[in-house]
Amino acid sequence: MNSPKTAILWIRRDLRLHDNQALLHSLNFQQVVPCFIWEDTPSTEWRMGAASKWWLHHSLHAFQQSLKKLGSDLVLVKGTPEKKLVELAQHYGASSILWNRSYNPQEAPTIQALMRAAGQQGLEVIACQGNLLCEKSALLKDDGNPYKVYTAFWRKFIKVYTPTCQAKPTQLPALPQAPYTKTATLADLNLLPDIPWDAGFNEYWHPGEEHALTKMRTFLKQGVLRYKSDRDQPHLAGTSMLSPHLQFGEIHPQRILQHIVDTFGPLGQLTDPNIIQFTKEVLWREFSYHLLQHFPHTPNQPLVKAFQHFPYQKNKVWFKAWTKGQTGYPIVDAGMRQLWHTGWMHNRVRMITASFLIKHLGVHWLEGAKWFWDTLVDADLASNTQGWQWTAGCGADAAPFFRIFNPITQGEKFDPQGLYAARWCPELRHLPAKWIYKPWEAPSHELKKAGIHLGTDYPYPIVDHKESRERALSQYEEIKK
Ligand SMILES: Cc1cc2nc3c(=O)[nH]c(=O)nc-3n(C[C@H](O)[C@H](O)[C@H](O)COP(=O)(O)OP(=O)(O)OC[C@H]3O[C@@H](n4cnc5c(N)ncnc54)[C@H](O)[C@@H]3O)c2cc1C
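Computed from a prediction, not measured in an experiment: that's the story for all the values here. (Residues numbered from 1 in each chain as written. Predicted model: local features only at pLDDT ≥ 70, side-chain atom pairs only at ≥ 80, totals over all residues.)

Okay, the overall build of the protein chain next. Along the backbone of the protein chain there are 21 helices and 5 strands. Taken against the 2.2 N^0.38 rule, which gives 23 Å for 481 residues, the C-alpha radius of gyration of the protein chain at 24 Å falls within 12% of a compact globule. By principal-axis analysis of the C-alpha atoms, the protein chain measures approximately 90 × 50 × 45 Å. Residues classed as buried in the protein chain amount to 42% of the 481 residues present. (Helix = DSSP H or I, 4+ residues; strand = E, 2+ residues; numbered from the N terminus. Rg over C-alpha atoms; globule rule 2.2 N^0.38 Å. Buried ≥ 20, exposed ≤ 12 C-beta atoms within 10 Å, placed from the backbone.)

Close contacts around the ligand come from 28 residues, with Thr239, Ser240, Ser243, Asn384 and Gly387 the closest. For the shell around the ligand, the secondary-structure elements that each account for two or more residues are helix 9 (243–247), helix 11 (273–294), helix 14 (347–360) and helix 16 (381–392). Here the shell around the ligand gets 6 residues from one element, more than from any other, and that element is helix 16. When the residues that make up the shell around the ligand are grouped by side-chain class, the tally is 11 nonpolar, 11 polar and 6 charged. Shared between two domains, the shell around the ligand holds at least three residues of each, these being domain 2 (133–164 + 208–294) and domain 3 (305–480). (Near = placed C-beta within 6 Å. Nonpolar A, V, L, I, M, F, W, Y, C, P; charged D, E, K, R; others polar. Domains from an automatic or database assignment.)

In a beta sheet, neighbouring strands are held together by backbone hydrogen bonds and run either parallel or antiparallel to one another. Strand order in the open sheet formed by 5 strands is 3-2-1-4-5, and the pairing between neighbours is parallel. In this open sheet, the two edge strands, each paired with only one partner strand, are strand 3 (75–78) and strand 5 (124–128). Along the sheet, successive strands turn relative to each other by an average axial angle of 30°, direction set aside. Sheet topology note: the strand 4 (residues 96–100)/strand 5 ladder contains 5 bridges and is parallel. Across the sheet, the residue bridging to Leu98 is Ile126, located in strand 5. (Pairing = 2+ DSSP bridges. Axes fitted to C-alpha atoms, helices over the stretch in contact; angles between N-to-C directions.)

This brings us to the nonpolar core. Membership of the largest hydrophobic core comes to 107 residues, with the highest contact counts inside it found for Ile8, Leu9, Trp10, Val33, Cys35, Ala89 and Ala421. Those residues in contact with Val33, other than ones at most four positions away along the chain, are Ile8, Leu9, Val75, Leu88, Tyr92, Ala94, Leu175 and Pro176. Core analysis: the next-biggest nonpolar cluster, separate from the first, contains 11 residues, Leu246, Ile251, Ile260 and Phe278 among them. (Core = buried A, V, L, I, M, F, W, Y, C linked by C-beta atoms within 7 Å. Contact = placed C-beta atoms within 7 Å.)

Time to look at the environment of Asn347. With respect to the secondary-structure elements, Asn347 resides in helix 14. Expressed as a C-alpha distance, the spacing of Asn347 and Asp232, which sit 115 residues apart in the sequence, is 7.7 Å.

Side-chain alternation along strand 3 places Val75 and Val77 on a buried face and Leu76 and Lys78 on a face that remains uncovered. In terms of strand pairing, strand 2 (residues 31–38) meets strand 3 through 4 bridges, oriented parallel. When the sheet's bridge partners are listed, Ile37 is paired in strand 3 with Val77. The β-α-β motif built from strand 2, the intervening helix 2 (residues 50–69) and the parallel element strand 3 has right-handed crossover chirality. (Right-handed = clockwise from strand over helix to strand, strands pointing away.)

Two elements in contact, helix 3 (residues 81–92) and helix 4 (residues 108–120), have axes separated by 8 Å at closest approach and are oriented at 30°. As the angle between them shows, helix 3 and helix 4 are arranged roughly parallel. Two packed elements cross with a definite hand, and for helix 3 against helix 4 that hand is right-handed. Seen from helix 3, the contacting residues are Pro81, Glu82, Leu85 and Val86; seen from helix 4, they are Thr110, Ala113, Leu114, Ala117 and Ala118. (Parallel < 35°, antiparallel > 145°, perpendicular 65-115°, else oblique. Left-handed = near helix turned anticlockwise from the far one by under 90°.)

Let's shift gears to the pairing of strand 4. Within strand 4, 5 of the 5 residues are buried, which leaves the element mostly enclosed by the surrounding structure. Of the two faces of strand 4, both are covered, the one formed by Ser96, Leu98 and Asn100 as well as the one formed by Ile97 and Trp99. Pairing between strand 1 (residues 6–11) and strand 4: 4 bridges, direction parallel. In the sheet register, Trp10 faces strand 4, and the bridge partner there is Trp99. For the segment spanning strand 4, helix 4 and strand 5, crossover handedness is right-handed.

The following block contains the structure:
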């Protein structure tokens, strides 16, 4: 009797059953071993941050349960992926290793090592389309070069793309007998933080595919219809909050676009400005990956070379004040505290806090990118790099350097009632909206009435807005020479 055809299915950030090409491909085998490999100290420079690990822990749990319901399981293993995958294949007598591509150039050495190791053992390797809508080669300019301007990228995208969603399987091939003994438990992976700073995360998030799909459906039925105006108001729940689900592959962006097409019509013929805006934002993620793949040095180096010599400064005291939400500018402090408490920050406030660190405090964008990397549950190398470089003025299609977000008027404009500041800086909550984004200008009787003693209950601004702005602009003039 022939031995059953067996495959190892390597799961990474594709923790879903729907639209999972490698999983679907694995149905061609009689036995399949879905496995997740955790490397404690991977050689990649941008190792998973603490908040992302929290998400991963819960997402792995949810995915393991989903696989079990379909007759399979998720085998957890600790070690180096290329070694462990080949070891698993040998243990189970598998002929093939399957996975979905990650599009993160930092993971290329692992893939190369895996291909070599598998080749030496005569194993077949099958890499399928991962969490992007289009492969790298499908979206190039007519002259074969990558896009650096978003609008042109978007125009090309809607011409070439058609969503093709795939339903989830109803049953999965069983795991082979003869269990592999070197498996780990979820607790062995040690993904949860040692200090319990994640209490707020539990209040805000429900990792897992089922929650991702429900959130998408609810948002595309209600929230999206006000997206164009609500998305900029940080005190409202005006955006989808799908970013961590997308980042861990709990939902494929294809499914979001398919839902949009089914409900509102073909992408090229959308008329509602809210739907168009939301679709364009989803495509910013794709554009970020386009840039990361074509310019793999950008997580550490500016895309615009002139910025390599920008005279950033190191200031540990200011940087700490920024991370702790103690700069004395309530919109910045509210954002940084929201990030610490929930692992997420509103997009407009990400731009304001990033601009403040780079331009008001003169600190290198990379320092901020690293802090976000550790504290965001949606930390994504492509979008984080792109977001920081956009704000710093050194990325593709970036905000010009001289666009310095005003940390007072931004709060007043996008949250005129001061609700966001009051929510995240509760010491200011009794201050009238007129003063909440500039408490140092409030008359002393208003501060007294609100129970605030500046310098004790809430800090004075650590830098002067006007002076910092002028200093940043003069430094910019220097690098232009
Ligand atoms: C300094 C800075 C750092 C950032 N770091 C990250 C990061 O690490 N991970 C991350 O996913 N996003 C990052 N962003 C982009 C953006 O802030 C988040 O994607 C967005 O706030 C997520 O909330 P949402 O899911 O409610 O977005 P929605 O407004 O509902 O948008 C839907 C989806 O579109 C994508 N998207 C929206 N805006 C952007 C954008 N500007 N760039 C790329 N994709 C976008 C996201 O996948 C998002 O989930 C960063 C932005 C800045 C300015």
